[in-house]
Amino acid sequence: MKKVKTTLITFFALLLFGCESYNQDDYREYIVVEGYAVAGQSLPDIRLSTTAPADAEYSFEDNFIRNAIVLVTLLDENGDPEEVFEYAESTEEPGIYTALIQSYQVEALRTYKLDIVFNDRDDLISATTTVPDQVDVVNEIPESVVYQSENQLEIVLAEPQQTSDQNIFVFNTISLEPAIDNLTPFYLSIIEDEEDVDISEYVRNSSGLINEGNFDPLPDGNILLRFPWIGVAFYGDNLVVTLSVDENLSDVIRSQDVQLGGSTLSPGEIPNLLYNIEGGIGVFGSFSADTVQTSFSRPF
Amino acid sequence: MIKTLSLFIILIGLVYQPVYSQDGASVNGYITDSQTGETLLSANVALLEINRGTSTNTSGYYSITDITPGTYTLVATYIGYQRYELEITLEEGENLRQNIELIPQGVELEEVVVESQAEREAQRNIGRAEVSTELIKEVPAIIEPDVFRSIQLLPGVKAASDFSSGLYIRGGGPDQTLILLDETTVYNPTHFFGFFSTFNPDAVKDVRLYKGGYPAEFGGRLGSVLTVFNKDGNRNETTGSVSLGLLASRVSVEGPYSRGSWMLAVRRSTLEPVLAVLRQSVDSVPDLFYFYDINGKLNFDATADDRFSIAFYTGNDNVSLPFQEDATIKLNYGNQTVSTKWRRIISEELFSSVTATGSRYFNQPGFEIGGTPFESNNKIYDFSLKGDLEYLPNEKNTISTGIWTGILTLSYADQFDDQPTFSNRIQSTYLSAYVQNEWRPNSQWIINGGLRLNTFAEGNFYRFEPRLSIENRSFSNVRLQAAYGRYYQYLTLITNEAFSGFDIWLTSDNGVPPSYGDQFVAGVKTIPFEGYGLDVELYYRTMRDLFEFDPFVNDAAGLDYSELFRYGEGYAYGLEVFFEKQTGRYTGFIGYTYGITKRKFPGFNDEILDEPLSGRFYPPKYDRTHDVNFVSTYKLSERWSVSAVFNFASGQPYTKPLGRTQFSGVPWGSSERDIFTVGKLNASRLPSYHRLDISFSRKGTFFKLGDAEWQFQVINAYSRRNIWFYNYDFEENPVERQDVQLLPVIPSVSYTVNF
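Rules used throughout
- Residues numbered from 1 in each chain as written.
- Chains lettered and ligands numbered in written order.
- Predicted model: local features only at pLDDT ≥ 70, side-chain atom pairs only at ≥ 80, totals over all residues.
- Heavy atoms only, no water.
- Contact = heavy atoms within 4.5 Å.
- Buried area = accessible area lost by both parts, 1.4 Å probe.
- Salt bridge = Lys/Arg side-chain N within 4 Å of Asp/Glu carboxyl O.
- Polar contact = N/O pair within 3.5 Å; in protein donor to acceptor, adjacent residues only side chain to side chain.
- Helix = DSSP H or I, 4+ residues; strand = E, 2+ residues; numbered from the N terminus.
- Nonpolar A, V, L, I, M, F, W, Y, C, P; charged D, E, K, R; others polar.
- Pairing = 2+ DSSP bridges.
- Axes fitted to C-alpha atoms, helices over the stretch in contact; angles between N-to-C directions.
- Buried < 20%, exposed > 50% of the residue type's maximum accessible area, 1.4 Å probe, protein only.
- Patch = residues over 30% accessible without salt bridge, like charges linked within 9 Å, V, L, I, M, F, W, Y side chains within 5 Å.
- Areas by Shrake-Rupley, 256 points an atom, 1.4 Å probe, with all protein chains shown as cover.
- Lys, Arg positive; Asp, Glu negative; His and termini not counted.
- Charge placed at Lys NZ, Arg CZ, Asp CG, Glu CD.

Visitor: Which parts of the structure should I look at to understand the interface of chain A and chain B?
Guide: Many structure descriptions define interface size as the accessible area lost when the parts assemble. Across the contact, 90 residues belong to chain A and 91 residues belong to chain B. Taken over both partners, the interface formed by chain A and chain B buries close to 7,700 Å², and the fraction arising from carbon and sulfur atoms is 59%. The interface formed by chain A and chain B holds 1 salt bridge in total. Here B:Lys680 and A:Asp25 are joined by a salt bridge, their closest N and O atoms 2.8 Å apart. The tally of links between chain A and chain B comes to 26 residue pairs in polar contact (both at pLDDT 80 or more). The leading source of residues in the side of chain A that touches chain B is helix H3 (residues 247–259) of chain A, at 9 residues. Taken together, the residues of the side of chain A that touches chain B sort by class into 48 nonpolar, 25 polar and 17 charged.

In structure tokens form, the structure reads like this:
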């Protein structure tokens, strides 16, 4: 019996004092990169800044990084440099770096590499993005669609090439007639609960990331997408932008949704985002887009 | 398939083979409650003079074989019943069928029970705990007495929060515990968003929990097994009870008929009148909100050796909640189970049971927001056939063997905007077979070795699971125990700790191998003083090839099945101490757990600039290092009693945001996006948790028609505002932290009538 007691006490002591330490880290500053290449448009501006402590007030103006050397390189199909584009810091907006050559247009299905070095830091930043195929709406869009009617707005995209396992789309509506009276019922109810009514955040309203697998391929290879009613915040004239986004942009946005909650993670479990940036955090992504216009009219 | 049929033919053949008894005599039979006729599981029975004993199996049947002819004192005991003694005389080769009826004890003050060593074959096998139905109804409960919340009081079992009845056992999540109702698997045993379990305390007869190191007769889960047996029904008279509560009400009836007994218990929520009133003045009150469950059983005694039973359960939760204009959330989920069982006493040495089971789980959550519906449909169908044999060839060996085979169908489908977006259906046959032997070479050693084979056709998986447990009784009143087992699991659960209304089960398949783990357990169980028990257990478990739904998968459409998951590993270890007083006016227990559990998934909890495929071990939210439960009941008088439960636990882990930045150019949406950087996941700790619940009960009569009981409870008596989690308002600059608190003080009252 005495031996049993001794053994138990020894085990208990080992457990208590031999437990692993798993202490919280201290705040660490990271370099933040933000840039979005758009097919058919000029090379993207690159925003450079640092993070700030979470318990401090944040603004880009207090955290931008100056004196960085920014290069964007067009890669060939072997991954070798084909053309290098130099950047310079904007004199009016510190921390924002603009391509010196503005006439070059970003090409769909091509890969671009971002490299950043600093005069006063040892950090090296790099990232690559492959621009999705150009989105092309090929069907005739009706002038108007009755909200939540049986006739949903249909968008047919020309068969896109794939740069990853599947294309990832986002629908973005931009209201041309934003007004409280024009809000659809769901968004009106959100506004009604707020103390300070501000409709501006719903003027540009998005569906979130939607996988290509949600939609049916047509016999000719084109893709039929039905625009979800939840994307309509305002009645009246709207631009409907269909975006095809790359993996970098998809990763950072879907992981940001998880960080804000609503996934299978337990409450209080907050992960970092999926960045795809070497040497820093942020996003160097790309997308292509096509825009149509229609009017969402009130139901009868 | 051919192998399965062959095994069954052998099993059925054994049923009809006459087995010739040896020269030694034997005594066997059923042990029942003298008032209700309910069989008593794990009741102790022994022959005093030769210190040989055993306990009843899950059918309430016992057998002692290979007895030298002579005269003996047959003794039977069971907690809550009077001691039974009978002098028996056995002739050479005699097989005595001796059924025993135990008389329930009245209120005892300071009784000391004299027992033989063999009688204290209390079923405290390693890693096992039993919860009495009296405890379930006595302890203060949040609105409703609940089986799972009572189990959460045991050492090694943790609760995620006040809102959850989920069982987190020895570092494992709820999906690592196999839950059986009358030997049928229950896939979502919760009501009311996981607030409490589907087990109706009025219908339950026996609850036993294998916290770890469970024997070869069970399998399919990495961690634990919870077996719940419903009552068979009163075999002597028709009785019933009615209980009215704030959230739900219960009615149960049971009784005999010429060839057996029956039982029916119904529970339903009774919130509709309250909701109707609230709806007139409060927004976001559910349009529809109810739950119910029905338990039933019918027993048929064909012969003295053959008993049949059929048991069923059906339950459903249905909610429709408009949370905004033009936005509704709907939940509809439930379980149905049915099992039919044939128990046969083949001989004094051989007992068999054959069970056919069916289980259905469905879960259909959905949202409709701004005219856009999101729907999900998860179904499980599990039909199985199970056969078990228990063979006592001699006094030193008890051999158990069995097979369990079935067809498991899981289907999971998503719809977005009325269009199917993801659909997966897996139908797999499974076969498990086990053999184990409990060998007692002498009075000091018990060695239980077993081997289990699990097969899962989808993915063509075959896995062997060895099991071993050893017990030594060299010291008086002290049992030293150790156990080892390998366990495999083919299922994983997508769940949210906040509530279980969206639980979805997924299974192994090609490219998704089953998870597995090893468990090592060592323990000491002792009776330090008469009427007291002290158990100490250490455990260590590994978890490998864990597969969980990847939280970063925002849209399953177009993904291969294996891409839905993240794959990782984990481990857990700890120490449990359980000290209880079992007899007298004052009874209760103290349970303490020191437990550590960690997980690791590549690509998750990395250092930000590290290679993304590494990952670090982190504690999941339910990891509480220290957990103490103090449960006590004191009988003030014949009518009045008071119960109290005090729980103290270390704070749960949480993740503290360390840094922030902002994206301003995301090409859709309007506002800037706030981004946060964190260090180690779950490296900070919430404040400690503690809560006191008190219950007073008064027994009386209901207009002389039956016994009645009032129960007055106060949950969280001193209104400790424990923290569930911190909510960071990322829209504020700097970020603001808000405490999301658990339950405040809650008084409740219930009234129960037994007729």
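Visitor: What is the right way to look at the sheet that holds strand S42 (residues 673–678) of chain B in this model?
Guide: In any sheet, the strands associate via hydrogen bonds between backbone groups, in a parallel or an antiparallel arrangement. Sheet architecture is open: 3 strands sit in the order S3(A)-S41(B)-S42(B), paired in antiparallel fashion. Both outer strands of the open sheet, strand S3 (52–53) of chain A together with S42 of chain B, are each paired with one neighbouring strand and no more. Across 6 bridges, strand S41 (residues 657–663) of chain B lies against S42(B) in antiparallel orientation. Counted as the bridge partner of B:Gly659 is B:Thr677 from S42(B). Against the sheet, H3(A) makes contact with S41 and S42 of chain B, and its axis sits at roughly 75 degrees relative to S42(B), the strand it touches most.

Visitor: Can you help me understand the pairing of strand S1 (residues 25–33) of chain B in this one?
Guide: The two faces of a sheet get side chains in turn, since along a regular strand they alternate between them. Residue and element names in this part refer to chain B. Within S1, 9 of the 9 residues are buried, leaving the element largely enclosed by the surrounding structure. One ladder, built from 3 bridges, connects S1 with strand S7 (residues 95–97); its direction is parallel. Along S7, the bridge assignment pairs Val-27 with Leu-96. Here S1 runs beside strand S8 (residues 100–102); their pairing, made up of 3 bridges, is parallel. Residue Thr-32 lies in a different strand from S8, and its bridge partner there is Glu-101.

Visitor: Whenever I open this one, unusual backbone geometry confuses me. Can you help?
Guide: Phi is mostly negative for residues that are not glycine, and the peptide bonds are mostly trans. All names here are of chain B. In this structure, Pro-734 follows Asn-733 across a cis peptide bond, with omega equal to 0 degrees. One non-glycine residue, Asn-51, lies in the positive phi region at around 50 degrees. Looking at where Asn-51 falls in the secondary structure, it is placed in the loop between strand S2 (44–47) and strand S3 (52–55). Asn-51 sits in the partly exposed class, given a relative accessible area of 37%. A positive phi angle, near 60 degrees, is found at Asn-605, a position not held by glycine.

Visitor: Sorry, what's going on with the side chain of B:Ser26 here?
Guide: Inspection of the secondary structure puts B:Ser26 in strand S1. Within the local environment of B:Ser26, its side chain forms a polar contact with the side chain of B:Asn95, the two groups lying 3.1 Å apart.

Visitor: So what exactly am I meant to see when it comes to a negative patch on the surface here?
Guide: A grouping of A:Asp196, A:Asp198, A:Glu201, B:Glu731, B:Glu732 and B:Glu736 is seen on the molecular surface, where their side chains present a negatively charged patch. For A:Glu201, the location among the structural elements is in the loop between helix H2 (185–192) and strand S12 (204–206).

Visitor: Hey, could you run me through the pairing of strand S30 (residues 461–472) of chain B in this one?
Guide: All names here are of chain B. Sheet topology places strand S29 (residues 445–456) next to S30; 12 bridges connect them, and they run antiparallel. Looking across to S30, one finds that Trp-445 is bridged to Asn-472. Connecting S29 to the next strand, S30, in antiparallel fashion are 4 residues, including Gly-459 with a positive phi near 100 degrees. Remark: 5 residues form the turn of the hairpin made by S30 and strand S31 (residues 478–489), two consecutive strands paired antiparallel; Asn-477 in that turn has positive phi of roughly 60 degrees.

Visitor: Help me understand the sheet that holds strand S16 (residues 204–210) of chain B, please; the structure alone is not making it clear to me.
Guide: Residue and element names in this part refer to chain B. Within the open sheet, the 5 strands sit side by side as S9-S16-S17-S12-S13. Their pairing is mixed. Each edge of the open sheet carries a strand with a single partner, namely strand S9 (128–131) and strand S13 (184–185). Where S9 and S16 come together, 4 bridges link them in antiparallel fashion. Note that in S16 the partner of Val-131 across the bridge is Val-207.

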